[in-house]
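Structural description and commentary
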Amino acid sequence: MRLYGLVGWPLGHSFSAGYFAERFAASDRTKGWRYVNFPVEKIETLRDVLPRDIRGFNVTIPHKRSILPLLSQLDPQAREIGAVNCVKVLPNGDWKGYNTDAPGFEISLKGFLNSYDEGLRELKALVLGGGGAAAAVEHALGRLGIALRKVSRHAAAGQLLYAELTPERVRAHRLIINATPLGMAPWVERKPLIPYEGITPGHYLYDLIYNPALSVFLREGGKRGAWIKNGLEMLVLQAQRSWEIWNEE
Ligand code: NAP
């Protein structure tokens, strides 16, 4: 039996379980491969909850940062980001943490911008939200050479408060990334509170949310002629990368 899984709380409908079930079904080595949801409220209990023979697991809200003390090893990229969404169980039983959100986002964003012939370095970005997903986004933007400002509900050096976002500032940052949960099902009517009137047809709006496919944030951009993309491709790419990591020798 090759066992993999997803750790988070609460775990309702999971994309990953369906994705890996399909992946196993498409493989000729499928017999005995399973991907199981492990709803875990208190991360300290994780070692007691997971079966001893698990080969690897994904980590989702709210444990992407709180899992760090439980790991024996950290991939350098995950260390820089400070968040882990993929864990590989090493042959000696140690856990090694990786961040596959960052490369998933990077590849997806690059394709999105290149589709419209955008010179990456000419863009300035606003990243909405200050959680683990935002940290992965910031890491990817750094690799792509795209300058960014963080937008948060909390004041901190170098970042903007939502109240400081004027239409002019929005106009000057033509890439806007929603890395908050605002607009995610079931609260689909929500959206980040930014001055949408500053958005132009030269803007790119990327929402990490994929359910619903067309969030209010993206609809606000679309209404003003901006290019828009949701987080589904990133989700698939981070799952693919997790699979590769678990199966690398
Ligand atoms: P998170 O830690 O729960 O929240 C991210 C940040 O959003 C928070 O740190 C907070 O930043 C801001 N925020 C939360 N509630 C808010 C509110 N009511 N109003 C304004 N801002 C609020 O979540 P996460 O793990 O970073 O994930 C963020 C989103 O990305 C989720 O929707 C998740 O599903 C999605 N995601 C998608 C993928 C993908 O593959 N497509 C991968 C990872 C995550 P401040 O406190 O700084 O304001």
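Just above, that's the structure.
Here goes a summary of the coordinates provided. From a predicted model like this one, the values you see are computed outputs, not experimental measurements. (Residues numbered from 1 in each chain as written. Predicted model: local features only at pLDDT ≥ 70, side-chain atom pairs only at ≥ 80, totals over all residues. Heavy atoms only, no water.)

This next bit is on the layout of surface pockets. Remark: the empty space left among the atoms is shown by a probe the size of a water molecule rolled over them. What the largest pocket holds in volume is close to 1,500 Å³. What lines the largest pocket is a set of 45 residues, and nearest its centre among them are Thr60, Ile61, Pro181, Met184 and Tyr210. Where the lining of the largest pocket is concerned, the elements lending two or more residues are helix H1 (15-26), strand E3 (54-59), helix H5 (132-144), strand E8 (147-152) and helix H8 (232-247). Examining the composition of the lining of the largest pocket, we find that 4 residues originate from one element, H8, more than from any other. A breakdown of the residues in the lining of the largest pocket according to their chemical character gives 23 nonpolar, 18 polar and 4 charged. Its volume calculated, the second largest pocket comes out at about 220 Å³. (1 Å grid on protein atoms, 1.4 Å probe; cavity = no way out; pocket = protein on both sides within 12 Å on 5 of 7 lines; lining within 4 Å. Points joined across faces, edges and corners; volume = space filled by probe spheres on them. Helix = DSSP H or I, 4+ residues; strand = E, 2+ residues; numbered from the N terminus. Nonpolar A, V, L, I, M, F, W, Y, C, P; charged D, E, K, R; others polar.)

Moving on, we get to the sheet that holds strand E2 (residues 33-39). An order of E2-E1-E3-E5-E6-E4 is seen for the 6 strands of this open sheet, with the pairing classed as mixed. Edge positions in the sheet fall to E2 and strand E4 (73-74), since each has one partner strand and no second. Both E3 and strand E5 (residues 86-89) contribute to a ladder of 3 bridges, which runs antiparallel. Bridged to Gly56 within E5 is Lys88. Its contacts with the sheet place H1 against strand E1 (2-8), E2 and E3, and it is angled at close to 175° to E2. (Pairing = 2+ DSSP bridges. Contact = heavy atoms within 4.5 Å. Axes fitted to C-alpha atoms, helices over the stretch in contact; angles between N-to-C directions.)

This part covers the site of the ligand. With respect to spatial proximity, 22 residues lie near the ligand, and among them Gly130, Ser152, Arg153, Leu208 and Gly231 are the closest. The contact in question runs from a nitrogen atom of the ligand to an N or O atom on the backbone of Gly231, over 2.9 Å. For the ligand, the protein covers 80% of the area, taking 920 Å² as the surface of the free molecule. One can see that the ligand is located within the largest pocket. Of the residues belonging to the shell around the ligand, the class tally is 11 nonpolar, 8 polar and 3 charged. (Near = heavy atom within 4 Å. Polar contact = N/O pair within 3.5 Å; in protein donor to acceptor, adjacent residues only side chain to side chain. Areas by Shrake-Rupley, 256 points an atom, 1.4 Å probe, with all protein chains shown as cover. Sits in = over half its atoms within 2 Å of the grid points.)

Turning our eyes to something else, we now look at the side chain of Asn85. If you trace the backbone, Asn85 turns up in the loop between helix H3 (76-81) and E5. The contacts of Asn85, once residues within four sequence positions are left out, are Phe57, Asn58, Val59, Lys64, Tyr98, Asn99, Thr100, Asp101 and Gln238.

Time to look at the nonpolar core. Judged by nonpolar contacts, the single largest core of 21 residues is most densely connected at Phe105, Leu109, Leu141, Ile146, Leu175 and Ile177. Of all the secondary structure elements, the ones that give two or more residues to this core are helix H4 (101-114), strand E7 (124-128), H5, strand E10 (175-178) and strand E11 (204-207). Examining the composition of this core, we find that 5 residues originate from one element, H5, more than from any other. Each residue touching Leu109, except ones within four places of it in the same chain, is listed here: Leu141, Leu144, Ile146, Leu175 and Tyr206. In terms of nonpolar packing, the next biggest core, distinct from the first, is built from 18 residues, Leu3, Ala78, Val89 and Trp95 among them. (Core = buried A, V, L, I, M, F, W, Y, C linked by side-chain atoms within 4.5 Å. Buried < 20%, exposed > 50% of the residue type's maximum accessible area, 1.4 Å probe, protein only.)

As a further point, take unusual backbone geometry. In this structure, Pro10 follows Trp9 across a cis peptide bond, with omega equal to -10°. Mapped onto the fold, Pro10 is located in the loop between E1 and H1. Note the cis peptide between Ala185 and Pro186, where omega equals 10°. By the element assignment, Pro186 lies in the loop between E10 and E11.

To continue, consider the environment of Leu148. With respect to the secondary-structure elements, Leu148 resides in strand E8. We classify Leu148 as partly exposed; its relative accessible area is 28%. Along the chain, Leu148 and Val127 lie 21 residues apart, while their C-alpha atoms are 6.9 Å from each other. The contact partners of Leu148, leaving out residues within four places of it in the chain, are Ala125, Val127, Glu138 and Leu141.

Pairing between the strands of a sheet is mediated by backbone hydrogen bonds and can be parallel or antiparallel. Taken in spatial order, the 6 strands of this open sheet run E9-E8-E7-E10-E11-E12, and their pairing is parallel. A single partner strand is all that each edge strand has here, and the edge strands are strand E9 (159-161) and strand E12 (227-229). In this sheet, adjacent strand axes meet at a mean angle of 20° when their direction is disregarded. Bridge analysis of E7 against E10 gives 4 bridges, and the strand direction is parallel. Paired with Leu128 across the bridge in E10 is Asn178. Where helix H7 (residues 216-223) meets the sheet, it contacts E7, E10, E11 and E12, and its direction lies at approximately 165° from that of E11.

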